[in-house]
Amino acid sequence: MIHSSDQYCQLTRVYCQHKMQQLRVVWVIYLGFVCSSLCAKDYSIEDYGAIGDGYTINTLAIQAAIDEATSNGGGRVIIPGGRFVSGTIFLKTKVELHLTKNAVLLGSLSPADYRRVAKWKALIQANEVNDVTISGLGTIDGRGARLALKIDSLFYAGEIDSVHYNLAEKRPKWNIRPQLLHSYNCENIRINGVTFKNAACWVQTYERCNGIEIKGVKVDSDTYWNNDGIDIVDSKNVRITQCAINAADDGICIKSEDWTRKYFCDSIYVADCRVRSSASAIKFGTSTVSHIRNVIVRNIKVYDTYRSAIAIEAMQGGILENILVENIVAHNTGNAIFLRVGQIRGAKLPGTLKNITLRRIKVTVPFRRPDYAYEMRGPTLPYFHNVFPSSITGILGSPIQNITLEDITILYPGRGNAAYAHMPTHRIGDVPELPYTYPEFSMFGELPAWGFYVRHVEGLTMKNVNIKVKKKDYRPAIVLDDVSRLYIEGLKVKGDKKPNPLFMKDVRDFTEVK
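Not measured: the values here are computed from a predicted model.

**Some remarks on a positive patch on the surface**
On the surface, Lys-362, Lys-468, Lys-492 and Lys-494 cluster together to form a positively charged patch. You can call Lys-494 partly exposed: its relative accessible area is 45%.

**Focus: the packing of aromatic side chains**
Following the criterion strictly, the structure yields nine aromatic pairs and no others. The interplanar angle of 40° and the centroid separation of 4.7 Å between the aromatic rings of Trp-120 and Trp-202 together place this pair among those described as tilted. You can see Trp-120 sitting in strand β9 (residues 120–127) and its partner Trp-202 sitting in the loop between β16 (195–197) and β17 (204–207), a full 82 residues away along the chain. With respect to burial, Trp-120 and Trp-202 carry one shared label: buried. Among the aromatic residues, ring-to-ring pairing joins Trp-120, Trp-174 and Trp-202 into one connected group. Taking NZ or CZ as reference, Arg-455 lies 5.4 Å from the ring centre of Phe-444, over its face.

**Brief notes about the side chain of His-291**
Here His-291 shows up in the loop between β25 (282–288) and β26 (292–314). Its relative accessible area of 19% is what places His-291 among the buried residues. Excluding residues within four positions of it along the chain, His-291 makes contact with Ser-256, Phe-264, Cys-265 and Ile-319.

**Comments concerning the pairing of strand β27 (residues 319–341)**
Most of β27 sits inside the fold, with 18 of its 23 residues counted as buried. In this structure, β26 lies alongside β27, joined through 17 bridges in parallel fashion. Of the residues in β27, the one forming a bridge with Thr-305 is Thr-333. Sheet topology note: the β27/strand β29 (residues 390–393) ladder contains three bridges and is parallel. Residue pairing in the sheet places Arg-340 in a bridge with Thr-393 of β29.

**Quick word on unusual backbone geometry**
Here Gly-285 and Thr-286 are connected by a cis peptide whose omega angle stands at 10°. For Thr-286, the position within the fold is in strand β25. Its identity is not glycine, yet Asp-509 carries a phi of approximately 55°, on the positive side. Its location among the elements puts Asp-509 in strand β34 (residues 502–513).

Rules used in this analysis
Residues numbered from 1 in each chain as written. Predicted model: local features only at pLDDT ≥ 70, side-chain atom pairs only at ≥ 80, totals over all residues. Heavy atoms only, no water. Patch = residues over 30% accessible without salt bridge, like charges linked within 9 Å, V, L, I, M, F, W, Y side chains within 5 Å. Areas by Shrake-Rupley, 256 points an atom, 1.4 Å probe, with all protein chains shown as cover. Salt bridge = Lys/Arg side-chain N within 4 Å of Asp/Glu carboxyl O. Lys, Arg positive; Asp, Glu negative; His and termini not counted. Charge placed at Lys NZ, Arg CZ, Asp CG, Glu CD. Buried < 20%, exposed > 50% of the residue type's maximum accessible area, 1.4 Å probe, protein only. Phe/Tyr/Trp six-rings, centres within 6.5 Å; stacked < 30°, edge-to-face > 60°. Helix = DSSP H or I, 4+ residues; strand = E, 2+ residues; numbered from the N terminus. Lys NZ or Arg CZ within 6 Å of the ring centre and 35° of its normal. Contact = heavy atoms within 4.5 Å. Pairing = 2+ DSSP bridges.

In structure tokens, the structure reads:
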């Protein structure tokens, strides 16, 4: 039975191994940077002709400082106080880009000033380099809305081919809108203290990298579509701590996109962050081509988030396993927990999602949309619905496996009205499967539960789960459909006067401890 100590022992072993690996990685990175800094020389970009007037294009001057620093064995490239405009600059091995307190690195408003590495354009590119740092209390501002709208205007002027334009959504596709930072196939990256603002697409991506430390970083990018705060793609030995993120798209997102499966995500630690998102705060996927494993997420505060506080999605044949999420507090968040398996984007097989523990999580779900006060809001749904429950849904033939929910408290607003939107339990078979549909907590339409909807799961422990509803809801608290090895202990349902909080269909090997 999964409610035995076996799964906890497994997760404990993974956690201990992961922490030891983290300590080794952090010490290697730290010692490397200390050794480099002891003999590093400072290179002010003003000495190479940069002018911080907010107008002059300083790409060549900044690049010249970086190139000289790396040719001399490394050093600090200083961006002093001022507003320095630039197109794409390339970080080099053993170079630290340091932004002083009043320094602003501004992205050029000319799309021609940006260069591509792999599939991404970016203001700052790090391509196959080692021991690079971005530090300081300054700001990297991509002026993303203005830049994206300039790119948009080029399409209508006939200068951008329609293949690069999303005609349905009437905006340029992601691959021609620059990020602020793109790190590709690098070793030992440190990002410390800086503020990232106003990206035209994702804010910062670390792809196929090993040894990443992101600490004390602020992201403020409620600016344009696809503004993910931090994206980790097929990277290992990652540590993200003490960050504050306000993002128009997913806050912290862990992905896998390597179809060769040579690269994958492993040994990732995320802690002590504040996240606000007009999508999901902490998200695994949707891109899950290869593996994502051995991930710890803890001590996260979520607020004003449109979709899910925690979304874990295995959708493209990859394996997501050994994931621990704990100590999460989410206020004014549209959905608490969303776990999903599917088969999208031409994947030959469904994803695999197994060995997941979520514990010590508190979420307050509002009645109205949580992000109404922000510039970029999540899309309005094209159908009527009541407030969505948390959901854990595999697909036929590919169930989600071995899930533990422990010490979970979710407060719902209620007001579920069958006359407004209706999915009664006797029509549970009408809830669509949608294995090939992009995953969102709202994807099924109206669901027949107000607290949890669970379908196609093998091995589910619910221990000390407390769900509360403020006002009457026509639906039962929890619906379980095609679930095996179900263990429930200490379940508490408050505010719902129905005699039985559970509706079960095709549930096998069920144990309940009051």
